[in-house]
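Structural overview
One-letter residues, chain by chain:
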Amino acid sequence: MDKRPIHSYIIEVKYKKGKSFINKEMKIVSVCLTAIEMNNTPRVVRTLQAQVYGVKSAAYKSSDKNLWITKILQKIHIGESFHYNDENYRK
C-alpha cells in the first residue's frame, strides 16, 4: 500500500477582497498533489483563508468560496504520510 507523499508548496492564490481580486504567493504543507485537488480539499482552503483573512473576519466565517489556488510555483518533497494513502484519502 503506497503512502501519499508530503510536499511543501509555494502556491499562488487568488482571493476576493471587497470588489477586487488579489493574487498572492503563499506556503503550505499538504498531501495534495495538484492545485485542483487542493481547491477541492476543505482543510487546505480553510487554512489558507485563516492566513489571508484572519480567523475573526467575516470573510473567513462566511461559507462563500472567496479563495482559489491558481497554480503551484514550487514543490519540495518532505516525506511520506503515515496516515494517508491513495485509497483512504478523502476530500
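See the structure shown above.
Overview of the structure. (Residues numbered from 1 in each chain as written. Predicted model: local features only at pLDDT ≥ 70, side-chain atom pairs only at ≥ 80, totals over all residues. Heavy atoms only, no water.)

All right, on to the overall build of the protein then. Tallying secondary structure elements over the protein gives 3 helices and 3 strands in all. For the protein, the α and β elements follow one another from N to C terminus as β-β-α-α-α-β. When the backbone C-alpha atoms are referred to their principal axes, the protein occupies close to 45 × 25 × 20 Å. In the protein, of all internal contacts separated by at least 6 residues, the share reaching a separation of at least 24 is 65%. Taken as a whole, the protein presents about 6000 Å² of accessible surface, with 54% of it coming from carbon and sulfur. Seen as two clouds, the 17 positive and the 8 negative side-chain charges of the protein have centres 12 Å apart. (Helix = DSSP H or I, 4+ residues; strand = E, 2+ residues; numbered from the N terminus. Contact = heavy atoms within 4.5 Å. Areas by Shrake-Rupley, 256 points an atom, 1.4 Å probe, with all protein chains shown as cover. Lys, Arg positive; Asp, Glu negative; His and termini not counted. Charge placed at Lys NZ, Arg CZ, Asp CG, Glu CD.)

Worth remembering: the numbers are spatial, not functional.
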